[in-house]
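# Fold and geometry: a report
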Amino acid sequence: MPLIEYRDALNQAFDEEMARDENVVLIGEEVAEYDGAYKVTRGLWKKWGSKRVMDTPISESAFIGMGVGASMLGIRPVMELMFWSFAAVAWDQIINNAAQVRYMSGGLINCPIVVRGPANGGTNVGATHSHNHENFLANVPGLKVVCPATAYDAKGLMKTAIRDNDPVMFLENTLLYGEKGEVPEGEYTIPLGKADIKREGADISLIAHGRATLTALHAAELLAAEHNISAEVIDLRSIRPLDEDAILDSVRKTHRAIYIEETKPFCGVGAQIVSLIQEKAFDELDAPVLRISSIDAPAIYSPELEKKQLPRPIDVINKVLGIC
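Residues numbered from 1 in each chain as written. Predicted model: local features only at pLDDT ≥ 70, side-chain atom pairs only at ≥ 80, totals over all residues. Heavy atoms only, no water.

Approximately 320 Å³ is the volume attributed to the largest pocket. Asn-135, Ala-138, Asn-139, Val-269 and Gln-272 are, among the 13 residues lining the largest pocket, the residues nearest its centre. For the lining of the largest pocket, the element with the highest residue contribution is helix α6 (residues 134-138), accounting for four residues. Across the lining of the largest pocket, the residue classes break down as seven nonpolar, four polar and two charged. Looking at the second largest pocket, it is lined by 14 residues, and the ones nearest its centre are Leu-175, Arg-211, Lys-307, Leu-310 and Arg-312. When its residues are assigned to classes, the lining of the second largest pocket shows six nonpolar, four polar and four charged. (1 Å grid on protein atoms, 1.4 Å probe; cavity = no way out; pocket = protein on both sides within 12 Å on 5 of 7 lines; lining within 4 Å. Points joined across faces, edges and corners; volume = space filled by probe spheres on them. Helix = DSSP H or I, 4+ residues; strand = E, 2+ residues; numbered from the N terminus. Nonpolar A, V, L, I, M, F, W, Y, C, P; charged D, E, K, R; others polar.)

It is worth spelling out the sheet that holds strand β3 (residues 53-55) at this point. Strand order in this open sheet of seven strands is β3-β2-β4-β5-β7-β6-β12, and the pairing throughout is mixed. The strands lining the two open edges of the sheet, one partner per strand, are β3 and β12 (238-240). On average, each strand axis in the sheet is tilted by 20 degrees relative to the strand beside it, whichever way the strands run. Along the sheet face, helix α1 (residues 6-20) touches β2 (24-28), β3, β4 (76-80), β5 (114-118) and β7 (168-172) and points at about 135 degrees away from the line of β2. (Pairing = 2+ DSSP bridges. Axes fitted to C-alpha atoms, helices over the stretch in contact; angles between N-to-C directions. Contact = heavy atoms within 4.5 Å.)

To continue, consider the nonpolar core. Formed by 46 residues in total, the largest nonpolar core has its most connected members in Ile-64, Trp-84, Ile-94, Ile-207 and Ile-277. Only β2, α3 (60-72), α4 (91-98), α6, β7, α9 (244-254), β13 (257-260) and α10 (269-280) provide two or more residues apiece to this core. Formed by 33 residues, the second largest nonpolar core is a distinct cluster that contains Ala-32, Leu-44, Val-114 and Val-168. (Core = buried A, V, L, I, M, F, W, Y, C linked by side-chain atoms within 4.5 Å. Buried < 20%, exposed > 50% of the residue type's maximum accessible area, 1.4 Å probe, protein only.)

Rendered as structure tokens:
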């Protein structure tokens, strides 16, 4: 399989879905003539034209609202946020409109919209540009939440998200856009709610999502080489729907678990996973379930300090050594 960048895997997904369905459109700030702030939509405006790839004013509440309305009428818009932090001004459109319309219409109106863009810290752009919103979004019934870690997953999950009749919140990581991975040529999709075992192991389950999956993989390699500890790495890929069976099957095999996330700890995704394991696999545990999150403070602007705010492989290793 060819090696391509994460951003290009997403680009392929958009291109293929636009060719497959004329109702798929790309909308957002600088997605057209500028090729996207992160070059994720590179070349698509020139290929598909202004009716399929549309630039918007800097007004997230307006263009997300427009996308929600268009999706109710049969269009399948893919909406780019330059940062997911800017979704705060479109919260009403996402949470009160997109998430609720199918329920409140008795199933008569669908909202097949994808809202996507970078959601992460670690790029030294300040606290107002560095939110990880997956815990907020997953709290809302009616929204689906996806956080791919690899180019392969990004493409397969995006194609599925575009075809889904529910609103899908697609959270990417700026630091992953240039990461290369194997992506097969031709058609493939990945179902939402299906976790992936990124590394088989026997001694402990390292469960993660997004870029934290790569942190877990790096830690697992060091644990095997330096401490003879076999760590299994589970990548959730989607937060909602959640693959509970994959989590519980892994914990029943290894009898220990740590959740790694770049979100904040209070009311975070990790808290939900820990609760799930405690409730449904408590008798299988040989040690407490632990979690490693971002330090519970606004994103630090200093590059060196922000590196320490997010989970690092050494943080994972120290926690593992404490319970193995």
